[in-house]
Amino acid sequence: MSRTRPAIDIRAYRDQDEPAVLSLLGASLGGGPAGVRPPAFFRWKHLENPFGRSFMWVAEADDQIVGLRAFMRWEFTAGDRRYLAVRAVDTATHPAHQGQGIFSRLTLEALDALRDQADFVFNTPNERSRPGYLKMGWQVVGKVPIRVRVRRPIRFVTRVRSWRTSVDVGATIPSPSAPRASDVLADGAVDGLLAAQERPVGFATPRDAAYLG
């Protein structure tokens, strides 16, 4: 006899869900680029966003969180108009519950709840998640251009080589103690510099000290 699958319930994220959600992200996506998923980073990303707290939903089965869907608040300007947007970011389904439509249910219910909260939704999916979005009717509008210019290439290469030879692969990730960028930039000088820049053409993210911090 096959085991009956538990019912899946969708609800809004609550602050007390944080430990379970971090555990889910680790089980589903691994440790990320840094190898760990510290609570401080999760809070900085989703709770301390200068545009506002992220919209998040979870899926529960047998009182256990088995799915997550998060949309970060975002803003854009175009000419004199400001647009409220949300960016589809973290999504996770526990490996033991994949194939049950949790991703689709979370996404569709979230989008329905966000109809009055944002002018549009955007995303930068990877190769694994793009097919699921296209299946739900999302459209590809282009690629985000990324440009990096190294001002001192010889110094950069030298330092990278030095780091590779000195780093201890088994060492723990350091936890530096430093002031927050937003506190350092809070004297108004950065806002003055940003205000002096030419107005961007097309859609652009409004930048200020809080955003850069």
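Attention here is on the structure that accompanies the text. (Residues numbered from 1 in each chain as written. Predicted model: local features only at pLDDT ≥ 70, side-chain atom pairs only at ≥ 80, totals over all residues. Heavy atoms only, no water.)

### Some details on the nonpolar core
Counting 20 residues, the largest nonpolar core has V21, L25, F42 and W74 as its most contacted members. Within the residue set of this core, elements represented by two or more residues are α1 (18-29), β2 (55-61), β3 (64-78) and β4 (81-93). Residue contributions to this core peak at six residues, all from β3. Every residue in contact with L25, bar those within four places of it in the chain, is listed here: G30, R37, F42, L68 and A92. In terms of nonpolar packing, the next biggest core, distinct from the first, is built from 18 residues, I10, F55, W57 and A110 among them. (Core = buried A, V, L, I, M, F, W, Y, C linked by side-chain atoms within 4.5 Å. Buried < 20%, exposed > 50% of the residue type's maximum accessible area, 1.4 Å probe, protein only. Helix = DSSP H or I, 4+ residues; strand = E, 2+ residues; numbered from the N terminus. Contact = heavy atoms within 4.5 Å.)

### Observations concerning the packing of α1 against helix α2 (residues 39-46)
Where α1 meets α2, the closest approach of the two axes is 11 Å, and the angle between their N-to-C directions is 100°. Considering the angle they form, α1 stands roughly perpendicular to α2. Within the contact between the two elements, α1 uses E18, V21, L22 and L25 and α2 uses P39, F42 and R43. Its residues placed into classes, the contact of α1 with α2 shows five nonpolar, no polar and two charged. (Axes fitted to C-alpha atoms, helices over the stretch in contact; angles between N-to-C directions. Parallel < 35°, antiparallel > 145°, perpendicular 65-115°, else oblique. Nonpolar A, V, L, I, M, F, W, Y, C, P; charged D, E, K, R; others polar.)

### With respect to helix α3 (residues 102-113)
For α3, which comprises 12 residues, the first-to-last C-alpha distance of 16 Å matches the rise-based estimate of 16 Å (1.5 Å per residue) to within 8%. For α3, the complete set of buried residues consists of I102, F103, L106, T107 and A110. Axial view of α3: buried residues confined to an arc of 120°, hence all on one face. On its buried face, α3 sits against β1 (9-12), β2, β3, β4 and α4 (130-135). (Expected span 1.5 Å × (residues − 1). Arc of directions from axis to C-beta.)

### A look at the sheet that holds β1
Strand order in the open sheet made by the five strands is β1-β2-β3-β4-β5, with mixed pairing throughout. With one partner strand each, in any of the chains shown, β1 and β5 (120-123) form the two edges of the open sheet. The mean angle between the axes of side-by-side strands here comes to 30°, regardless of whether they run parallel or antiparallel. Relative to β4, β3 is paired through 11 bridges, and the arrangement is antiparallel. Bridge pairing in β4 links T77 to R82. Contacting β2, β3 and β4, α1 runs over the sheet at an angle of about 95° to β3. Sheet strands touched by α3: β1, β2, β3, β4 and β5. Its angle to β3, the strand with the most contacts, is close to 40°. (Pairing = 2+ DSSP bridges.)

### Details of unusual backbone geometry
The phi angle at D62 is positive, at roughly 55°, despite the residue not being glycine. Structurally, D62 can be placed in the loop between β2 and β3. Judged by its relative accessible area of 54%, D62 falls in the exposed class. One non-glycine residue, D63, lies in positive phi territory at about 65°. As for its placement among the helices and strands, D63 is situated in the loop between β2 and β3. Residue D63 is classed as exposed on the basis of its relative accessible area, which comes to 70%.

### Notes on α1
For α1, with 12 residues, the first-to-last C-alpha span of 16 Å sits near the 16 Å given by 1.5 Å per residue. Among the residues of α1, E18, V21, L22, L24 and L25 are the ones counted as buried. Seen from one end, α1 has its buried residues packed into an arc of 160°, which puts them on one side. The elements touched by buried residues of α1 are α2, β2, β3 and β4. With its phi angle positive at about 85°, G30 sits one or two positions after the end of α1.

### Points about the packing of aromatic side chains
For the structure on display, the rule yields 14 aromatic pairs. Seen from their ring centres, W74 and F122 are 5.8 Å apart, and the 85° between their planes marks the pair as edge-to-face. Note that W74 is positioned in strand β3 and F122 in strand β5, a separation of 48 residues in sequence. Here W74 and F122 have matching classes, each one buried. Ring geometry for Y83 against F120: centres 6.5 Å apart, planes inclined by 55°, an arrangement best described as tilted. With Y83 in strand β4 and F120 in strand β5, the pair connects residues that are 37 residues apart, well separated along the chain. (Phe/Tyr/Trp six-rings, centres within 6.5 Å; stacked < 30°, edge-to-face > 60°.)

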